[in-house]
Structure formats: C-alpha cells, structure tokens
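Fold and geometry: a report
If you want the building blocks of each chain, they are given just below.
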Amino acid sequence: MNYNRLSGRSRMSRSLPILGLAWLVAFLVGVLAIEGGCATDPFSDTSLKQDTRLTKGPFLLGVYPDRAALMWETDTEGSYKLYYGKDGRLDKYVESVPETNQSGKKAVKKVFFIHKVWLEGLEPGRFYDYRVTGAGFEDKIYRFRTVPENTDEVRFIVYGDSRTRPSVHRRLVELMIKQKVDFVVHCGDLVTNGDKYGQWGQQFFEPLRGLAESVPVYIAKGNHEGNNGNYEKLLVPKGQKNSFGFDYGPVHYFVADNVTKGLKDEAQLNLIIADAAASDAKWKFVSYHVPSLNFGGHWSAWGYPDALPGLSKAGVDFVLAGHSHMYERFRPIAPPDGVEGSYVTYITSGGGGVLMHSIKPNVYHAETMKKHHFCLFNLKGNKLTMDTIDIDGRVIDHIDVIKNAGRLDEKYLRSAIPMKEMLDFQQKNLHR
Ligand SMILES: [Fe+2]
Ligand SMILES: [Fe+2]
C-alpha cells in the first residue's frame, strides 16, 4: 500500500514538470492562435478562411482597364460590402444586395445568395486589393491587376471541358496558377448538369480556388451549363451578355455563346464576324463551345459552310473551342481563292478534366492528342508562341509564329490548307 502510494506520489512528482510544460505549450499555442485570428496586418494570409461564409468565390468575371466584375455566394442573408483600393489601402467599397437561388429537392431546400458587383473608376495597369465583408465577417484579401493601357504583351490560358472530374480539373488549375497569366478563357462544359445547382461549387468553383480570385476567367457557355439560368445567375456580370469581347495589349478576344436554346446559329456567327471585323487589334482570337472544325469526338461543324470563310474574311487568327474531349490543332486554313482574308488556326481544347475521346489524326491536323491539357499563349507585339501543357506539366505542342504587316510568316503558312479542300472534306463528314 505504502509502496503503491509512495510510488504513485513519486510518479506524480515526476509528471508535474511535464504537465506544467504541456500547459505552457498549450497556453502559448492558444495565444498565438488568438493573435493569428486577430491579425491586424491586412495582407497576412492567416485570415479567417475557416470562418468564411462564402460558399463560392470570390471569382473575377472580368477585368478591364477601368473596371472589374466580381461575384461571390453566401448561404447567409443580408447585404455585403466589397472593400477595395490600390497602394495597400481598402478605402473604397461597393455594397451588394444578393439574388437568391435554391439547391436541392423541395424537402431539403437550401437557399443561396449570389452577389455580383462592378468596381468602377479604376486606373489601368494598377494592382487593386479587395476584401468581401458581411455582418461580423471578413474574408481574405485578394489582389488583381487592371488591364494596362499601353502594352504590346499578354499571356493567357485557354482550355475547356473541365466538367465531371474536379480532381483532374484541380490538377490542371494548380499548373495554371504557376503560369502567372493575365487572363483565362474557358471554352465551356463547366459542370455535368448545370441545371443542378449543387454541382457548380464542387465541379467549377472549388477547383478554380487560388486562381479565379486574382485572374479573370472568361467563359464561352457550354451545352452542359443547362438552360434554367444557373449559368447566367452565377457567371454573367450584371449588364453583360453571354457573348462579349475584350482587349488586352495586342489581342482582341471575342467569347461567344453558341449553345443556349433559342439562339440562331446564323445570328451568332454574324455577331462574331462583325465583332472581329470591327477590331484593328494585331491579333484576333475567338472562342465558342461547339467547334466549327473538329474531326473526332462529336465531329462538330458549327456554322458550316459560312463559318470558315466568314472568320477568315473578318481577319481572325485563332479560334479555340471545346465540346469534343481532345486536343486537336489544325494546319492554318487559307482564305478562299481570290478573297482577302486571314489564315485561321482552329484548335479544339476539350481536355480540362472530363474523360477524353479518342482521336485519329488525319492530314489536316498539325497535332492531336488524347490528353488532359491547357493552351498557354504568349504574345509580344508581332510574335506569338503557344505551348500546350499536359496534366503532367509537359509541353505536348508548340507554335512559334510571327506576323508582319498583317501576314503570318511563310514558314507557318507553308502548311496551310486551301479553304475549298477543307469545306469539301467537312461536307463529306457532316453526318457521321
Ligand atoms: Fe464536352
Ligand atoms: Fe459540350
């Protein structure tokens, strides 16, 4: 007994310093955690993400020289403020009153609140910080840069079809984050079924975390986005349409909707052509979801037979689409004989996550690949390079082309396909 007591006391006295040390460590951790939670440095990244009430976003829908469009979603009611400013100050704000949306079946309905704002009166080429705040809540501070006024450089990514397998999409986004681009264009098919509201967070917003807060993602609506308005509610800025153009340095880009029910193909094609023809940018890019040239997967020929000659006449350089799940780059298509126009390069970039289609290369392809990937463009004045990067970070295709006095270099054009030959081949394969 004595022995046991003595022995117990002895164990206790040996444990006391250890217990004391454990308390001290716990106390210090607690103090540090409180310090972290109350961080006064607005740029510290230790902020309140664990307390965030944002269920989606913040997500940059567009950035221009003097304005930017943002969205976020919460599951709590009430107005929110977005504080923003340059030079490390958050001295301006916009207030946002949300639009509601519902998810789930009637019995387990959950209401979400979608906030969309424009930040106006910005200066070109400047970094702006911003923070979303609600009643008793502050999100992290993020930073974006407005489009510079006088630059002849731009760096951007184009990809598509990231739906259904968010883990693959996420792996690509992690590679994209490292590329430090000015913007991203997504060629559509963001979710398996866009009419189901619950899919948008998991399949689209979550994988894009870490990128879309700082870099605008411009989207060409895909057929999987659905027709019940979820896409428009979440991703089209107030006052903007599904089809829109923007400029960045030497590039004019037009992003078009060619999938929404009720739209007329001819009208949409005319819209794209008119927009490109009106721009005097050095490089003209177009993206829409269903491709006009695609041999494999869905074998799409959107806008046949007017798209190819029309886009050439309007001076378009690159057309990037998705829909078919593959990487497919065509040799440039020459303008019709005797007609003035550009040599257009068509790319199907439908490898953002969804299961891939097989593709059989033919004589019109410059490169094809059944691999998840994105296209990285670098433009500086007359020079354009593109690297297509696969999910393992390897460059699987590369273009290097120079444009002088409006004409691409001979080396690139040597591989061009005559327009008539291309249209004839498409005609034979239209109803596969
Ligand atoms: Fe698709
Ligand atoms: Fe599609």
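All values derive from a computational prediction rather than experimental measurement.

**What to know about the sheet that holds strand S4 (residues 92-96)**
Spatial strand order, S4-S3-S7-S8: four strands in an open sheet with antiparallel pairing. Sheet topology places S4 and strand S8 (137-145) at the edges, where each strand pairs with a single neighbour. When strand polarity is set aside, the average angle formed by the axes of neighbouring strands in this sheet is 20°. In the sheet, strand S3 (residues 80-85) pairs with strand S7 (residues 127-134) via five bridges, with the strands oriented antiparallel. Counterpart to Tyr83 in the pairing with S7 is Arg131.

**Brief notes about the pairing of strand S13 (residues 251-256)**
The buried fraction of S13 is high, at six of six residues. Taking every second residue as pointing to the same face, both faces of S13 are buried, with Val251, Tyr253 and Val255 on one and His252, Phe254 and Ala256 on the other. Sheet topology note: the strand S12 (residues 244-248)/S13 ladder contains five bridges and is antiparallel. Looking at the pairing, Phe244 lines up with Val255 of S13. Once S12 ends, the chain turns through two residues before running back antiparallel as S13, passing Gly249 with a positive phi of about 55°. With six bridges connecting them, S13 and strand S14 (residues 283-288) associate as parallel partners. Residue Val255 lies in a different strand from S14, and its bridge partner there is Ser287.

**Comments concerning the coordination of the iron ion (ligand 1)**
Note on the iron ion (ligand 1): its protein donors are Asp161 (OD), Asp189 (OD) and His325 (NE2). The metal-donor distances range over 2.1 to 2.4 Å. For the iron ion (ligand 1), the donor residues sit on a single chain with the sequence spacing D-x27-D-x135-H. Between the two metal centres, the iron ion (ligand 1) and the iron ion (ligand 2), the spacing is 3.2 Å, with Asp189 acting as a shared donor. With Asp161 in the loop between strand S9 (153-159) and helix H2 (166-177) and His325 in the loop between strand S15 (318-321) and strand S16 (327-330), this pair connects stretches of sequence that are 164 residues apart.

**What about the nonpolar core?**
The nonpolar side chains of soluble globular proteins are, as a tendency, buried together. Among the nonpolar cores identified, the biggest contains 92 residues, and Leu235, Tyr253, Phe285 and Phe377 are the most heavily contacted of them. For Tyr253, the contacting residues outside a window of four places in its chain are Phe156, Val158, Phe183, Val185, Phe244, Gly245, Phe246, Phe285, Val286, Ser287 and Leu320. Ala256, Ile273, Trp302 and Ala314 belong to the second largest nonpolar core, which has 28 residues in total.

**Notes on the confidence of the model for the chain**
Averaged over every residue, the pLDDT of the chain is 89; residues scoring 70 or more account for 86%. Scored below 50 in pLDDT, residues 1-16 makes one contact in the model with residues more than four places away or belonging to other chains. Here residues 22-51 scores under 50 on pLDDT; set against residues more than four positions off or in separate chains, the count is 20 contacts.

**Let's talk about the coordination of the iron ion (ligand 2)**
Listed as protein donors to the iron ion (ligand 2) are Asp189 (OD), Asn223 (OD1), His289 (NE2) and His323 (ND1); their distances from the metal cover 2.1 to 2.2 Å. Classification of the site at the iron ion (ligand 2) rests on its four donor atoms, whose angles at the metal span 85 to 152°, yielding the label irregular. Positions of the donor residues of the iron ion (ligand 2), expressed as sequence spacing, correspond to D-x33-N-x65-H-x33-H.

**Observations concerning the environment of His115**
Inspection of the secondary structure puts His115 in strand S6 (residues 110-119). Residue class for His115 comes out buried when judged on its relative accessible area of 0%. Those residues within four positions of His115 in sequence are excluded, and the remaining contacts are Leu70, Met71, Trp72, Thr74, Gly78, Tyr80, Ser96 and Pro98. Within the structure, His115 has its side chain in polar contact with the side chain of Ser96 (distance 2.7 Å).

**Some thoughts on the pattern of salt bridges**
Under the counting rule described, the total for this entry stands at 23 salt bridges. Between Lys380 and Glu153 there is a salt bridge, and its shortest N-O distance comes to 3.5 Å. Of this pair, Lys380 sits in strand S19 (residues 373-380) while Glu153 sits in strand S9, and the two are 227 residues apart along the sequence. Each of Arg171, Lys371, Asp390, Asp392 and Arg394 takes part in a single network of salt bridges with overlapping partners.

**Focus: the packing of aromatic side chains**
All told, the structure shown has 35 aromatic pairs when counted by the stated rule. Measuring from ring centre to ring centre gives 6.4 Å for Trp200 and Tyr231, while their planes differ by 40°; the resulting arrangement is tilted. You can see Trp200 sitting in helix H3 (residues 199-205) and its partner Tyr231 sitting in helix H4 (residues 230-235), a full 31 residues away along the chain. Taking relative accessible area as the criterion, Tyr231 reaches 2% and is therefore assigned buried. Aromatic pair Tyr218 and Phe244: ring centres 5.9 Å apart, planes at 50°, arrangement tilted. Taken as a pair, Tyr218 in strand S11 (residues 217-219) and Phe244 in strand S12 lie far apart in primary sequence, 26 residues in all. Of the two residues, Tyr218 and Phe244, neither departs from the other in class, the shared state being buried. An aromatic cluster is defined as three or more aromatic residues linked by ring pairs; in this entry it consists of Tyr64, Trp118, Phe156, Phe183, Tyr218, Phe244, Phe246, Tyr248, Tyr253, Phe285, Phe318 and Phe377. Stacked on the ring of Tyr93, the Lys or Arg Lys81 has its end atom at 4.6 Å from the ring centre.

Basis of the calculations
Residues numbered from 1 in each chain as written. Chains lettered and ligands numbered in written order. Predicted model: local features only at pLDDT ≥ 70, side-chain atom pairs only at ≥ 80, totals over all residues. Heavy atoms only, no water. Pairing = 2+ DSSP bridges. Helix = DSSP H or I, 4+ residues; strand = E, 2+ residues; numbered from the N terminus. Axes fitted to C-alpha atoms, helices over the stretch in contact; angles between N-to-C directions. Buried < 20%, exposed > 50% of the residue type's maximum accessible area, 1.4 Å probe, protein only. Donors = N, O, S within 2.8 Å, 3.2 Å for Na, K, Ca; no water. Core = buried A, V, L, I, M, F, W, Y, C linked by side-chain atoms within 4.5 Å. Contact = heavy atoms within 4.5 Å. pLDDT = per-residue confidence, 0-100. Tetrahedral: all angles 85-135°; square planar, octahedral: opposite > 155°, others 65-115°. Polar contact = N/O pair within 3.5 Å; in protein donor to acceptor, adjacent residues only side chain to side chain. Salt bridge = Lys/Arg side-chain N within 4 Å of Asp/Glu carboxyl O. Phe/Tyr/Trp six-rings, centres within 6.5 Å; stacked < 30°, edge-to-face > 60°. Lys NZ or Arg CZ within 6 Å of the ring centre and 35° of its normal.

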